[in-house]
Structures are given as structure tokens and as C-alpha cells.
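Residue-level structural notes
Each chain, written out:
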Amino acid sequence: MSISVTICPDAQRKPIPEWTQGLGFGKYFSDHMFMMDYEEGAGWKNPRVVPYQNLVMDPAAMCLHYGQEIFEGMKVYRGERDRVYGFRPQDNFARMSRSAQRLVMPTLDEETAFQGLCELVRADERWIPPKHGYALYIRPTMIATDAALGVRPSNKYLFFILASPVASYYPQSDDNLNAVKIYVNDKYFRAVRGGTGEAKCAGNYAASLASQWEAKQAGYAQVLWLDALERRNVEEVGTMNIFFVIDGRLVTSPLNGSILPGITRDSVIRLARHQGLTVDERPVSIAEVISGVVSGAITEVFGTGTAAVISPVSHIAFCGHEHQVANGQSGPIARRMYTDLLGIQYGRREDPFGWTSVIL
Ligand code: COI
């Protein structure tokens, strides 16, 4: 499909923020956005890059009432030889199509979405931070736009992509590897098998806010979720998948239907195996985590995610006790994964997996 491009007049362009940690995460948005409409019977149509703008929609639009909304998170990097790289964008669009199926939304026209992403990045090239560890965060989103109050899947949808220059997700130093403290809550649960946990939909994040709020009040950056059936096994952290180094093996919870299949999770598993590490995808109980941290069998805990990249965990709070992981600093495997993953993302290291796409 051919994509129309309307460039924002110079006078309406926004000032570029400074490329410092003050940039934060998701505070600034570029000058343009990509949009595309879907109508039952006609399919995806009218792909366009337009100046960043408010959405106009009917107050009865179904996304506002029954939560038919899905999104993705990916990054675009300014790397070697001043080129612009995307990291596994096709995998994000494919995951979005799987989320769409779970919420009875139309699967994406993934090729047009990718071309739209490239056109948007071309229009907003000046918004890509020219700094290692910083990136242009890309937020593809799909919402139901039919105006109707009956509970049923919508017949009309809007797909759009926003771009936001970002530093690290957690406020921290430029090396991005300050460790974060996490909090286990056994009162609230994020998702249950058969629910929407493995889809990337807004409702999962809404369901996480009460626990996230409690964690924040108690001084913790994120919540470590337990499975909702047995309240026993760890699933994922607020915005990340979770990894443990147990007796020298890398261990992560298996994708059991209620865990988000993270692209960074998959990349770390494949990178670690490629480097000769043993990786186990198996259930890990919170009892094993606490006893392993106390005994020293667990030498590292870290989260993985597009926004969070690799975030070492320094402390885990459970049942009123706070446990420090090893020396409370980032460990060697987290540091190696961070360096090697970013090396590939910025085009500085060989990419034996074919993960990087040159966008510009
Ligand atoms: C991402 O890592 O891209 C996410 O979607 C997490 C986000 C909710 C901040």
C-alpha cells in the first residue's frame, strides 16, 4: 500500500529536548505520527504519516468502554556510521497481531506497518538521540473506534505509531545499570492463564496499577508478580520479564499463557545460549527465590524489556522482609547481556541472529 506523507511546517515543529537523563521515558513526542484505518469488509486503508495531532473520536468509541486496545514497544537506535537501526521490529508487529487475535481485533498489515514505521522515522530523524543508551521509543497502538455500547468486537479500528526519544526507563546513571528494588505482592494478581496476560493490552497494565502504587509507596520500583492460580511461582515484573542466575545457570519463567512473551526476553535467552550459558525456562517458586537469595545460590536477578533493557534487581521484598541480592549491584551476566545486546542494537557488534534492520 502506498503511504502518504504530510510533513509538519517548520514553524510548528517542537524544540528537541536535551539528550541527558532528564529526557526520562515517554515525556516528549516527535513532530509526526503514522496512522492507518481498518473497516470490516474493506480491511486496512489510508496509511499516512501526518503531523502529531490529537485524535478526534466519538465518546461512544468502543476502546473507551470495553478496553479493546493493544500496543507494542520497540526502539530505533542511532548507531554505527550514523545509521539508524530497528531491533526486531517485525517480531513486535507479529506479536501485535497475536495480541489482536486474543482481543478479537484485526491482525495487522505487518508490511505496511513496517513501511509506516520507516516513513515516520525518516520524517522524524532529528528526534533520534545520537547517544549510546538512548533511543527513539516507538509505540504502535491499535484502538477500537466503532461508536456503540453493545458488548461485541468493534467493526472499525485505528492503528497509529508514536515516537518518543527516551533515556533509561528507571531514573539512573548513563550506564543504565543501576539496580532496582522490587516488591512481591500476594494480594493482587496481574493475569491468569486463559486471561489476557500474554497479550500486550492496556487492561493488563490497568490491572497492575494498584499493586504498583503500593510498591511505590513502600519505596520499590516495580512489582514482581506471582501466578494467580497457586500464588507460588514468579511470573514477571511490572514492565519486564525476570531472570535469575541460580548455581551458574540462567533461569526464567516459562511462557505459560499469562506471561508476556518479551522480545528482549527471547533475545537474552538466545544470546546467552549462543555464548554457551545454560538457560532453563522452568517454573521458579517465590520460596526458591527467597531461599536462593538468602543462601547465595542466586547470584543475580535482572529484568528484561524494551523500555527497561536489562535492569538488575538489588533487593526483593516479600512478606514484610527485604532481601538483598548478592552485593546489591549489577552482576557480570547482566552486565554482559547489556553490553552485548546494546552492541547489536547499535550496530556495533556482529548480529549473528539477523535481528537488526537498517531503517535509514
Ligand atoms: C516496553 O518495554 O516497551 C513496554 O511496553 C513497557 C511499558 C509499559 C513501559
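Residues numbered from 1 in each chain as written. Predicted model: local features only at pLDDT ≥ 70, side-chain atom pairs only at ≥ 80, totals over all residues. Heavy atoms only, no water.

This next bit is on the site of the ligand. The environment of the ligand is made up of Phe 25, Phe 71, Gly 73, Tyr 137, Arg 139, Tyr 169, Lys 200, Tyr 205, Thr 239, Thr 306 and Ala 307. Lys 200 places a side-chain nitrogen or oxygen 2.7 Å from an oxygen atom of the ligand. In isolation the ligand has 280 Å² of accessible area, and contact with the protein removes 90% of it. Here the shell around the ligand is built from residues that sort into six nonpolar, three polar and two charged. (Near = heavy atom within 4 Å. Polar contact = N/O pair within 3.5 Å; in protein donor to acceptor, adjacent residues only side chain to side chain. Areas by Shrake-Rupley, 256 points an atom, 1.4 Å probe, with all protein chains shown as cover. Nonpolar A, V, L, I, M, F, W, Y, C, P; charged D, E, K, R; others polar.)

Here we come to the packing of helix α2 (residues 89–102) against helix α3 (residues 110–123). At a minimum axis separation of 10 Å, α2 and α3 run at an interaxial angle of 135°. In terms of orientation, α2 lies oblique with respect to α3. The element α2 and its partner α3 pack so that their crossing is right-handed. Along its contact with α2, which presents Pro 89, Gln 90, Phe 93, Ala 94 and Ser 97, the element α3 presents Glu 110, Ala 113, Phe 114 and Leu 117. Residues that form the contact of α2 with α3 fall into these classes: six nonpolar, two polar and one charged. (Axes fitted to C-alpha atoms, helices over the stretch in contact; angles between N-to-C directions. Helix = DSSP H or I, 4+ residues; strand = E, 2+ residues; numbered from the N terminus. Parallel < 35°, antiparallel > 145°, perpendicular 65-115°, else oblique. Left-handed = near helix turned anticlockwise from the far one by under 90°. Contact = heavy atoms within 4.5 Å.)

In terms of backbone geometry, most residues other than glycine have negative phi values and most peptide bonds are trans. Here Val 104, not a glycine, exhibits a phi torsion of approximately 50°, which is positive. Locating Val 104 in the fold gives a position in the loop between α2 and α3. Val 104 sits in the exposed class, given a relative accessible area of 52%. (Buried < 20%, exposed > 50% of the residue type's maximum accessible area, 1.4 Å probe, protein only.)

Turning to the nonpolar core, a few remarks are in order. In this structure, Phe 93, Leu 117, Ile 138, Met 142 and Phe 159 are the most contacted members of the largest nonpolar core, which totals 47 residues. Within the residue set of this core, elements represented by two or more residues are β2 (32–39), β3 (43–51), β5 (74–78), α2, α3, β7 (135–144) and β8 (156–166). (Core = buried A, V, L, I, M, F, W, Y, C linked by side-chain atoms within 4.5 Å.)

Another point: the side chain of Asn 185. Relative to the assigned elements, Asn 185 resides in the loop between β9 (180–184) and α4 (202–217). A polar atom in the side chain of Asn 185 sits 2.7 Å from the backbone nitrogen of Lys 187. A distance of 3.3 Å separates a polar side-chain atom of Asn 185 from the backbone nitrogen of Tyr 188. In this structure, Asn 185 is in contact with Ser 211, Glu 214, Val 223 and Leu 224, ignoring residues within four places of it in sequence.

Looking at the element boundaries, Phe 87 is found in strand β6 (residues 84–87). With a relative accessible area of 7%, Phe 87 lands in the buried category. In the structure, Phe 87 is positioned 53 residues away from Pro 140 in sequence and 14 Å away in space, judged by C-alpha atoms. Residues within four places of Phe 87 in sequence aside, it is in contact with Lys 75, Tyr 77, Asn 92, Ser 267, Leu 341, Ile 344, Gln 345, Trp 355 and Thr 356.

The next thing to look at is the domain arrangement of the chain. For the chain, the domain assignment lists domain 1 (4–166) and domain 2 (180–345). The gap between the C-alpha centroids of domain 1 and domain 2 is 27 Å. The interface of domain 1 with domain 2 comprises 22 residues on the first partner and 23 residues on the second. There are one salt bridge connecting domain 1 and domain 2. Arg 88 is paired through a salt bridge with Asp 266; the nearest N and O atoms lie 2.8 Å apart. Counting across the domain 1 and domain 2 interface gives 13 residue pairs in polar contact (both at pLDDT 80 or more). No other element matches α2, which puts six residues into the side of domain 1 that touches domain 2. For the side of domain 1 that touches domain 2, the residue count by class is nine nonpolar, five polar and eight charged. (Domains from an automatic or database assignment. Salt bridge = Lys/Arg side-chain N within 4 Å of Asp/Glu carboxyl O.)

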